[in-house]
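# Survey of secondary and tertiary structure
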Amino acid sequence: PQDWGTAMEWLAKAASSGHAPAQRQLVALCPDRALAGRLSASSSQLKLTQWIQLARSVNLRHWRTSPAANVLSDDPRVSTFPGFATPEVCAVLVSLAQGRLEPARVYDPVAQKDIVYAHRNNTVATFGSDSVELIHVLVQERMVSACGLPLRHFEPPTELHYFPGEQIS
């Protein structure tokens, strides 16, 4: 069974040992922006107890529920979720994709494999079980709540990147 408290403690331990991605995640997830700012400014000197304090400040219930949907269309159902993720969380997600982006592929049913296709020229970073971070899991938990579907219906965390002019058509 999932144990969110233990997951946050391990994230705090990783941050305390100097793991920069763990530090960035905790700072981004902290709802108290003043506390997050003070602690991130001195992240290299923080003790485990301070990282645990930061981890305990994260509102896990917030991340496991969805903000209210703004329904744009009922048929087909199209909704937006204002406030779904903070700019700080988005910045961490973008930073985790750096160095992992590769050409996006499409499935070719004739060749029965994924191929690079001229009509899709963006890049993608996929995070499997060997590279997923806790922040990915929390965002997916929020998506589960927003969509009303079980987690097993979701793909692994994936970030799509489009430079101006890139597309999928």
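Up top is the structure.
Residues numbered from 1 in each chain as written. Predicted model: local features only at pLDDT ≥ 70, side-chain atom pairs only at ≥ 80, totals over all residues. Heavy atoms only, no water.

It is the contact of helix α2 (residues 20–29) with helix α7 (residues 134–147), at a shortest axis distance of 9 Å, that shows an interaxial angle of 35°. On the side of α2, the interface is formed by Gln25, Ala28 and Leu29, while α7 contributes Leu134, Ile135 and Leu138. (Axes fitted to C-alpha atoms, helices over the stretch in contact; angles between N-to-C directions. Helix = DSSP H or I, 4+ residues; strand = E, 2+ residues; numbered from the N terminus. Contact = heavy atoms within 4.5 Å.)

Attention shifts here to the nonpolar core. If you look at the biggest cluster of nonpolar residues, it comprises 34 residues, and the most contacted ones within it are Leu26, Trp51, Leu54, Val89 and Ile135. Ignoring any residue separated from it by four or fewer positions in sequence, one finds Ile135 in contact with Gln25, Ala28, Leu29, Val89, Val92, Leu93 and Leu96. (Core = buried A, V, L, I, M, F, W, Y, C linked by side-chain atoms within 4.5 Å. Buried < 20%, exposed > 50% of the residue type's maximum accessible area, 1.4 Å probe, protein only.)

A packed helix pair is summarised by two numbers, namely the angle formed by the two axes and the spacing between the axes. Packing of helix α6 (residues 87–97) against α7 brings their axes to within 10 Å, and their N-to-C directions diverge by 125°. Here α6 is positioned oblique relative to α7, judged by the angle of their axes. Our pair here, α6 against α7, has a crossing hand that is left-handed. Mapping the contact onto sequence places Val89, Val92, Leu93 and Leu96 in α6 and Ile135, His136 and Val139 in α7. Of the residues contributing to the contact of α6 with α7, the split by class is 6 nonpolar, 1 polar and no charged. (Parallel < 35°, antiparallel > 145°, perpendicular 65-115°, else oblique. Left-handed = near helix turned anticlockwise from the far one by under 90°. Nonpolar A, V, L, I, M, F, W, Y, C, P; charged D, E, K, R; others polar.)

With that settled, the discussion passes to the packing of aromatic side chains. According to the stated counting rule, one finds 1 aromatic pair in the structure shown. Taken together, a centroid distance of 6.4 Å and an interplanar angle of 65° make the contact between Phe81 and Phe84 edge-to-face. The ring of Trp10 carries Lys13 above its face, with NZ or CZ at 4.5 Å from the centroid. Here the basic side chain of Arg142 rests over the ring of Trp63, its NZ or CZ set 5.3 Å away from the ring centre. (Phe/Tyr/Trp six-rings, centres within 6.5 Å; stacked < 30°, edge-to-face > 60°. Lys NZ or Arg CZ within 6 Å of the ring centre and 35° of its normal.)

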